[in-house]
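Results of the structural survey
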Amino acid sequence: MPLALLALAVGAFGIGTTEFVMMGLLPDVADDLHVSIPTAGHLVSAYALGVVIGAPLLAAVTARMSRRTVLISLMGLFVAGNALSAFAPGYDSLLAARFVSGLPHGAFFGVGAVVATNMVAPERKARSVSLMFLGLTVANIAGVPVATLVGQHLGWRATFLGVSVIGLAAIASLALLIPRDHDQAPAVGLRRELAALRSLPVWLALGTTVAGFGALFSAYSYITPMLTDSAGYADSSVTLLLALFGVGATIGNLVGGRLADHAMRPTLFAGLTSLAVVLALFPLLMTTAWGGALAVVLLGVAAFVTGSPLNLMVMEKAAGGPSLASSANQAAFNMANAGGAWIGGLALAAGFGATSPALAGAVLAALGLIVAGIAYAVDRRRAPQPASRDRIVATHVRRAAAEAGARH
């Protein structure tokens, strides 16, 4: 694997850290800016909105720029957004800065995935994508807990300054390690990028992403009350357990990338099936402390096994313009985040119990499996059908008869 993937992973590490660290800093931010915690929670939504808007928009605007330049520029915008967050004088300015921080997220992963797959042999494409996303999963193990501790001891502004430094390191890594042949603007223009999005298989792949990762966030958004109310953990133990989720996500990401290179669609089907099963078992697993810890790890493994095949499938279905479609897939991940959390919240509000969001997630995983099955059926129908044996025989007979007639 080329060393340039390390540069992409460093950028992914910074993005993963700033995306998830706000959850742990909400009480500190709310207290410092004199707002309620629910109001501070809008800072999470502002980042997600930035991702959803920025992913297709920035991918479209930069379609004619060299991908190396695009990646460096996106990371520059990321640094600016986090620096603005660190120096925000009030809540409204911080809300705007978090929106700016989210803008480059989807486009960076979308363009980065295209660059990663172009640097390796065809049989290693999924693995290259998984290595880029390794930075995102490792952020959940180390980046988010460390950044949360920094924010609690030195102030939340220090956290965003630290993330800005990670972004500067990513810029230096990208400039040094991304091959110079990516300095050329891609031959694919905006028109072909947009045309690729008109493909039904691309939209079915995006729908699978929304349903599959909606299943994850339906449960993960409410994992803390599950662990404390059902599994009996103290609040102080939750940070360590969330790091275990990061361990499971890292394992699933690496395993999914390796398996998808050999069998992309079976890996996707197996991942969605295992995700549905794990989520369906949450009410049983969350009855004991060890079962709760196991459930958190298995959730990470099952969910992130599907990440690489989903990214690769979107790019393959949009081969004529992969950057915009791949970026749109990142927007789909964040739509899954918001939608899954909303659906899980409905289950809780209906009074179905602390583990009910996981059961709602199991239903979403099953829906993702159905959409993936429809996508497979559409691909089979569109694939060129080999000529039947009888048709081949008949063709040879007619050809022989014509040649015999010509001789006479």
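Attention in this report is confined to the structure presented alongside it. Everything numeric here is computed off the predicted structure, so don't read it as measured data. (Residues numbered from 1 in each chain as written. Predicted model: local features only at pLDDT ≥ 70, side-chain atom pairs only at ≥ 80, totals over all residues. Heavy atoms only, no water.)

Where helix H6 (residues 125-154) meets helix H11 (residues 238-262), the axes come as close as 8 Å, and the angle between the chain directions of the two elements is 175°. In terms of orientation, H6 lies roughly antiparallel with respect to H11. Looking at side-chain class alone, the contact of H6 with H11 contains 13 nonpolar, eight polar and four charged residues. (Axes fitted to C-alpha atoms, helices over the stretch in contact; angles between N-to-C directions. Helix = DSSP H or I, 4+ residues; strand = E, 2+ residues; numbered from the N terminus. Parallel < 35°, antiparallel > 145°, perpendicular 65-115°, else oblique. Nonpolar A, V, L, I, M, F, W, Y, C, P; charged D, E, K, R; others polar.)

Turning our eyes to something else, we now look at the pattern of salt bridges. Throughout the structure, instances matching the rule amount to three salt bridges. Between Asp261 and Arg127 there is a salt bridge, and its shortest N-O distance comes to 3.1 Å. Of this pair, Asp261 sits in helix H11 while Arg127 sits in helix H6, and the two are 134 residues apart along the sequence. A single burial state applies to Asp261 and to Arg127, both of which are buried. (Salt bridge = Lys/Arg side-chain N within 4 Å of Asp/Glu carboxyl O. Buried < 20%, exposed > 50% of the residue type's maximum accessible area, 1.4 Å probe, protein only.)

What follows concerns the packing of aromatic side chains. Within the structure shown, the criterion is met by eight aromatic pairs. On the basis of an interplanar angle of 80° and a centroid distance of 6.0 Å, the ring pair of Phe108 and Phe109 is categorised as edge-to-face. Of the residues examined, Phe108 reaches a relative accessible area of 1% and is grouped as buried. Pairwise contacts between aromatic rings join Phe213, Tyr220, Phe245, Phe304 and Phe333 into one cluster. (Phe/Tyr/Trp six-rings, centres within 6.5 Å; stacked < 30°, edge-to-face > 60°.)

To continue, consider the packing of helix H3 (residues 42-61) against helix H5 (residues 91-118). A pair of packed helices is captured by two measures, namely the crossing angle of their axes and the spacing between those axes. Between H3 and H5, whose axes approach to 6 Å, the crossing angle comes to 40°. One element, H3, and the other, H5, form an angle in the oblique class. Of the two elements, H3 crosses H5, and the hand of that crossing is right-handed. Here His42, Leu43, Ala46, Tyr47, Leu49, Gly50, Val51, Ile53, Gly54, Ala55, Leu58 and Ala59 of H3 lie close against H5, whose contacting residues are Tyr91, Leu94, Leu95, Arg98, Phe99, Ser101, Gly102, Leu103, Pro104, His105, Gly106 and Ala107. Within the contact of H3 with H5, the residues separate by chemical class into 16 nonpolar, seven polar and one charged. (Left-handed = near helix turned anticlockwise from the far one by under 90°. Contact = heavy atoms within 4.5 Å.)

The next thing to look at is the nonpolar core. Formed by 92 residues in total, the largest nonpolar core has its most connected members in Leu8, Leu216, Leu279 and Phe282. If we skip the residues at most four places from it in the chain, Leu216 touches Phe245, Leu299, Ala303 and Phe304. Grouped together as the second largest cluster of nonpolar side chains are 16 residues, Val21, Leu26, Ala30 and Ala86 included. (Core = buried A, V, L, I, M, F, W, Y, C linked by side-chain atoms within 4.5 Å.)

So, on to helix H7 (residues 156-177). An α-helical turn contains 3.6 residues, so a residue and the one three or four places further along point in the same direction. Its 22 residues place the ends of H7 32 Å apart at the C-alpha level, agreeing with the 32 Å of an ideal helix rising 1.5 Å per residue. Of the positions making up H7, those classed as buried are Trp156, Thr159, Phe160, Val163, Ser164, Gly167, Ala170, Ser173 and Leu174. (Expected span 1.5 Å × (residues − 1).)

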